[in-house]
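Examination of the molecular architecture
Listed here are the chains, written in short residue letters.
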Amino acid sequence: MALPPVNMYSLLKLLLICSFWPAVSPLSLNYPAFFNFGDSNSDTGGLVAGKAFPLMPPNGETYFSKPSGRFGDGRLIIDFLMEAMEFPYLNPYLDSVGSPSFETGCNFATGGATILPAYIDTMNPFSFDLQLSQFFRFKNRVFALLSKDKELRKYLPAEDYFRQGLYMFDIGQNDLDYAFYSLKSEEQVLASISKLVSRLQNGMKRLYDAGARNFWIHNTGPLGCLPRAIATFGRNKSSNLDELGCVISHNRAANLFNMKLNDICLKFLAQLPEANCTYVDIYSIKLNLISNHSQYGFQLPLAACCGYGGPPLNFDTRISCGLTKDLDGSIVTAKPCNNTAEYINWDGIHYTEAANRLVAYLILTGNYSETHSANTPFLT
């Protein structure tokens, strides 16, 4: 299968418009297949299919015109990356309805997923270890089916795609989030991060031992800038907030986690000479959008588009996007905003399609990533 060229037209057009961006060195994602592990930031329908999670309107309204299994009003970062490659969107492993094609990869990400094993009472049982188990079963089934019927290559990845493909990771946000919500101190949360990263690294090593060679890691975004975090840990506690209005402790934890994530790439190169590892700085991209929101056309950097309560956060922990409830004796609805393109945040936790589009294009500039391999010098 010939690899299609990266579709750079929209990227270059956007870069010409946004002349304040730094010089461009576009990334190329020329891989025959993509295998993604993660949480709601890259879940294209896994949790809805696997647990019948009730993801209702107005989710999906901007692009799909209906809920699509994604947590947001439209496309996610991973969707825009697939579009840039002129590849179809990744189908979730857990969705068997509609004869999904897995020729160019598979998505194991599910909303709410964690690196650590899931507790019995958590929303999502599909933790990183379970996603890995699903991958290995998927791979074994693909090999078995292709050995019996070569015609299935129309729907399944070729055997060599598992070595040539890109293994993507966007997970860990929920581990930090749950730790803070379980009333752990900041010191306890920071102390737990090494365990998280070690577990992720061990899982990636299992993939390497099974033939994976190309790894792509998204670090976690500025957790303290999410409306839900601000409403819970920052409201009426100005000393907990930075100059942007974000929760200091959460962003401090995110930064430590990210630093240790980057170390994974360095360790892989030292220990596994055939590995190629790209570390993508999602934190800096998203903080850039928030800090310079007006330059990107956003009006309210820390407010949820779909929520209740009005500025500055438009978020109430008691009611989720799209729901109607009795709050303090009044029937209220957490409604979506009129123009999602003016908002960075969708529902207090997830980003809008407009923000995801910009994040993806900024990733593709190559200015927010470091690639480590035996044949490539370290970038600093």
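The model shown is predicted, which means the values in this text are computed figures rather than measured ones. (Residues numbered from 1 in each chain as written. Predicted model: local features only at pLDDT ≥ 70, side-chain atom pairs only at ≥ 80, totals over all residues. Heavy atoms only, no water.)

1. Focus: the overall build of the protein
When helices and strands are tallied, the protein shows 11 helices and 10 strands. By the compact-globule yardstick of 21 Å for 380 residues, the protein fits well, its C-alpha radius of gyration being 20 Å. Dimensions of the protein, computed from the C-alpha atoms along their principal axes, are close to 65 × 45 × 45 Å. Within the protein, buried positions represent 54% of all 380 residues. Considering only residue pairs separated by 6 or more positions, the protein has 72% of its internal contacts joining residues 24 or more positions apart. (Helix = DSSP H or I, 4+ residues; strand = E, 2+ residues; numbered from the N terminus. Rg over C-alpha atoms; globule rule 2.2 N^0.38 Å. Buried < 20%, exposed > 50% of the residue type's maximum accessible area, 1.4 Å probe, protein only. Contact = heavy atoms within 4.5 Å.)

2. Things to note about the pattern of salt bridges
One pass over the full model with this rule turns up 13 salt bridges. With a shortest N-O distance of 3.0 Å, Arg-75 and Glu-353 are connected by a salt bridge. Of this pair, Arg-75 sits in the loop between helix H2 (46–51) and helix H3 (77–84) while Glu-353 sits in helix H11 (residues 353–364), and the two are 278 residues apart along the sequence. Exposure class is identical for Arg-75 and Glu-353. Each is buried. Residues Lys-154 and Glu-151 are paired through a salt bridge, measuring 3.4 Å at the closest nitrogen-oxygen approach. Given the relative accessible area of 52%, Lys-154 is considered exposed. Look at the salt bridges and you will find they share partners, linking Arg-75, Glu-83, Glu-353 and Arg-357 into a network. (Salt bridge = Lys/Arg side-chain N within 4 Å of Asp/Glu carboxyl O.)

3. Comments concerning the state of the cysteines
In protein chemistry, a disulfide is the covalent bond that joins the sulfur atoms of two cysteines. Counted by the stated rule, this structure contains 4 disulfides. Each disulfide pairs two cysteine sulfurs, and for Cys-225 the partner residue is Cys-246, the sulfurs being separated by 2.1 Å. Sign of the S-S torsion, about 105 degrees for the bond between Cys-225 and Cys-246, identifies this disulfide as right-handed. Highlighted residues: Cys-225 in the loop between strand E4 (214–218) and helix H8 (227–233) and Cys-246 in the loop between H8 and helix H9 (248–271), separated in sequence by 21 residues. Both residues of the pair, Cys-225 and Cys-246, count as buried. Each bonded cysteine in the protein gets a number by its place in the sequence, and the pairs come out as 1-2, 3-4, 5-8, 6-7. (Disulfide = S-S within 2.5 Å.)

4. Re the confidence of the model for the protein
Per-residue pLDDT for the protein has a mean of 90; in total, 91% of the residues score no lower than 70. Segment residues 1–25: pLDDT under 50, and 49 contacts once partners within four positions in sequence are set aside and those in other chains are kept. Here residues 376–380 is a poorly scored stretch, pLDDT under 50, and it has 9 contacts once near neighbours within four places are set aside; other chains count. (pLDDT = per-residue confidence, 0-100.)

5. Description of the packing of aromatic side chains
Aromatic ring pairs are defined here through the distance separating the ring centres and the angle between the ring planes. If you walk through the whole model with that rule in mind, you get 28 aromatic pairs. An angle of 10 degrees between the planes, with centres 5.3 Å apart, marks the rings of Phe-37 and Phe-108 as stacked. Of the two residues, Phe-37 is situated in strand E1 (residues 34–38) and Phe-108 in the loop between strand E2 (105–107) and helix H4 (128–148); the sequence distance between them amounts to 71 residues. In terms of burial, Phe-37 and Phe-108 fall into one category: buried. (Phe/Tyr/Trp six-rings, centres within 6.5 Å; stacked < 30°, edge-to-face > 60°.)

6. Comments concerning H3
Among the 8 residues that make up H3, 7 are buried, leaving the element largely enclosed by the rest of the structure. Those residues of H3 that fall on the buried side of the exposure criterion are Ile-77, Ile-78, Asp-79, Phe-80, Leu-81, Met-82 and Ala-84. As for H3, its buried residues are in contact with E1, strand E3 (166–170), E4, helix H10 (282–291) and H11. Downstream of H3 by a residue or two, Glu-86 has a phi angle that is positive, lying close to 60 degrees.

7. Let's talk about the nonpolar core
Of all hydrophobic cores here, the largest spans 95 residues; its most connected members are Phe-34, Phe-37, Tyr-167, Phe-169, Leu-207, Phe-215 and Ile-363. If near-sequence neighbours (up to four positions away) are discounted, Tyr-167 is found in contact with Phe-35, Phe-37, Phe-135, Phe-162, Leu-207, Ala-212, Asn-214, Phe-215 and Trp-216. Counting 7 residues, the second-largest nonpolar core is a separate cluster that includes Cys-306, Cys-321, Tyr-343 and Trp-346. (Core = buried A, V, L, I, M, F, W, Y, C linked by side-chain atoms within 4.5 Å.)

8. A closer look at the environment of Ser-198
Considering the arrangement of structural elements, one finds Ser-198 in helix H7 (residues 186–209). You can call Ser-198 partly exposed: its relative accessible area is 35%. For the pair formed by Ser-198 and Ile-115, sequence separation is 83 residues and the distance between their alpha carbons is 9.8 Å.

9. Side note on the sheet that holds E1
Taken in spatial order, the 6 strands line up as E2-E1-E3-E4-E5-E10 in an open sheet, and their pairing is mixed. If you trace the sheet from one side to the other, it starts and ends with E2 and strand E10 (369–373), each paired once. Each neighbouring strand pair of the sheet contributes to a mean axis angle of 15 degrees, computed without reference to strand direction. Along the sheet, H4 makes contact with E1, E2 and E3, crossing E1 at roughly 155 degrees. (Pairing = 2+ DSSP bridges. Axes fitted to C-alpha atoms, helices over the stretch in contact; angles between N-to-C directions.)

10. Points about H11
Spanning 12 residues, H11 covers 16 Å between terminal C-alpha atoms, matching the ideal 16 Å at 1.5 Å per step. By the burial criterion, the buried members of H11 are Glu-353, Ala-355, Asn-356, Leu-358, Val-359, Ala-360, Tyr-361, Leu-362, Ile-363 and Leu-364. (Expected span 1.5 Å × (residues − 1).)

11. Section: the environment of Cys-246
Relative accessible area serves as the criterion here: at 0%, Cys-246 is assigned to the buried category. In this structure, the C-alpha to C-alpha distance between Cys-246 and Ile-331, residues 85 residues apart in sequence, is 30 Å. Residues contacting Cys-246, with those up to four places away along its chain left out, are Gly-224, Cys-225, Asn-240, Leu-241, Asn-251 and Leu-302.

12. Some details on the pairing of strand E8 (residues 330–333)
Sheet topology places strand E7 (residues 324–327) next to E8; 4 bridges connect them, and they run antiparallel. Each bridged residue has a counterpart across the sheet, and for Thr-324 the counterpart in E8 is Thr-333. Counting the residues between successive antiparallel strands, the hairpin from E7 to E8 contains 2 residues, one of them, Asp-328, with a positive phi of roughly 55 degrees.

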